[in-house]
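# A look at the structure
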Amino acid sequence: MCTDPTPPNHGRHVLAGPVLRDFEPPVMFDLEPVDAVAVTTLMDNVTDFSMPDQGPAHRATRNGGRRPTATMEDGWGLDALVAEHGFSMLVTVTKNGVDRSVLFDAGTSPDGVVENMRRLEIDPSVIEAIVCSHGHFDHTTGLDGLIRRLGRKNMPVLIHPQFWRRRRVVVPGRDPQEIPTTSKRALIDAGFDVVEEGHPSFLFDRSVLITGEVPRTTGYEPGFPPQQAWLGGRWEPDPLVLDDQALIVDVKDKGLLVITGCGHAGIVNICRYARRLTHEQPIHAVMGGFHLNGPLFEPLIPRVLDDLAALAPSVIVPAHCTGWRAQHAMAARFGEAFIPNSVGTCFEI
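Residues numbered from 1 in each chain as written. Predicted model: local features only at pLDDT ≥ 70, side-chain atom pairs only at ≥ 80, totals over all residues. Heavy atoms only, no water.

## Side note on helix H1 (residues 112-119)
Most of H1 sits inside the fold, with 6 of its 8 residues counted as buried. The complete set of buried residues in H1 reads Gly112, Val113, Val114, Asn116, Met117 and Arg119. For H1, the elements touching its buried residues are strand E4 (36-43), strand E6 (66-68), strand E8 (88-95), strand E10 (127-131) and helix H2 (143-150). Once H1 finishes, Glu121 follows within two positions and takes phi at roughly 60°, a positive value. (Buried < 20%, exposed > 50% of the residue type's maximum accessible area, 1.4 Å probe, protein only. Helix = DSSP H or I, 4+ residues; strand = E, 2+ residues; numbered from the N terminus. Contact = heavy atoms within 4.5 Å.)

Here it is in structure tokens:
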């Protein structure tokens, strides 16, 4: 890696390009448009064999083939795709006839994502970089299975510096529940190049932009208030989840694709920041966890939907922690733009 003399308004290149000087956001980026993007859902909270294709969403035609099953008449059953309370997407950008793939998050169980990749006949070796949206275990534990499947592999893993924080959730009336924390040593020992960056970063010759820390500007999206972190030898409030980051791609002649993990920064904050970083490019598609589930977040749904409607996305794919009430409200509000997600779905944007 080297320092480039270019003025500090182009972010950090992590793969397939030089590392440029640090900068202090806000800045605007010349994100290179790509010809197409394919986003495959490797893990989400829902799997559905019968969900039909819709617009850019193409549902899995394979569900992993057969597996021996003693209780079935012919001795076999389906080796079906598996869902869990977790999230992972394989993002493949195409530019000038060349495909480049990044794994965005890795799900909850050690083997859920790699097993779904096997069932979908996706070779994990196509992954050239990994982005972790934040440090919560339902987005990171699947790195274990990926490491075992790939062996030692030199690959960049992009995280925010607060990714490693030891954390717990404190809900009134319940005992505090500590959140499993990813081991930095385990990732380094696997050969991964752990890149800790709070500012935006580029991948694949400026084709993919990782937001880094997202400014909280709406004033009503609260982060994750029940969270605490172990800081200075004691548990302290840590509601903002500042390690929350998103992925942005500019699709030629369409606009921005924005992918979130849990969206702890607030889906409206994230989408507005994506536009701010990219010369106010329009939002074409937004997908991922919007974190609007449960009594703490559901009162925000009308305001969030109003602000999303003002951004006028053509494709909205709420997933993972969005919650059923928010999904129902989005289906009613956004019509054909709303597309429900399912494990194995490939979105061709």
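Here the narrative resumes, following the displayed structure.
## Here's the deal with unusual backbone geometry
The backbone of Asp205 shows a phi angle near 55°, a positive value even though the residue is not glycine. Mapped onto the secondary structure, Asp205 falls in the loop between strand E15 (201-203) and strand E16 (208-210). Positive phi, normally seen in glycine, also occurs at Val241, with a value near 50°. Counting through the fold element by element, Val241 comes out in the loop between strand E18 (234-237) and strand E19 (247-251).

## A short note on the layout of surface pockets
Of the volumes computed, that of the largest pocket is approximately 660 Å³. In terms of lining residues, the largest pocket is bounded by 24 residues, among which Val169, Val171, Phe224, Pro226 and His291 are the most central. When residues of the lining of the largest pocket are assigned to their parent elements, the largest contribution, 3 residues, is made by strand E13 (residues 177-179). Looking at side-chain class alone, the lining of the largest pocket contains 12 nonpolar, 8 polar and 4 charged residues. In this model, the second largest pocket occupies a volume close to 200 Å³. Looking at the second largest pocket, the residues that line it are Phe137, Thr140, Thr141, Leu143, Asp144, Ile147, Pro180, Thr181, Thr182, Ser183, Ala186 and Leu187. When residues of the lining of the second largest pocket are traced back to their parent elements, those giving at least two are H2 and helix H3 (184-189). No other element matches H2, which puts 3 residues into the lining of the second largest pocket. Looking at the lining of the second largest pocket residue by residue, the classes come out as 6 nonpolar, 5 polar and 1 charged. (1 Å grid on protein atoms, 1.4 Å probe; cavity = no way out; pocket = protein on both sides within 12 Å on 5 of 7 lines; lining within 4 Å. Points joined across faces, edges and corners; volume = space filled by probe spheres on them. Nonpolar A, V, L, I, M, F, W, Y, C, P; charged D, E, K, R; others polar.)

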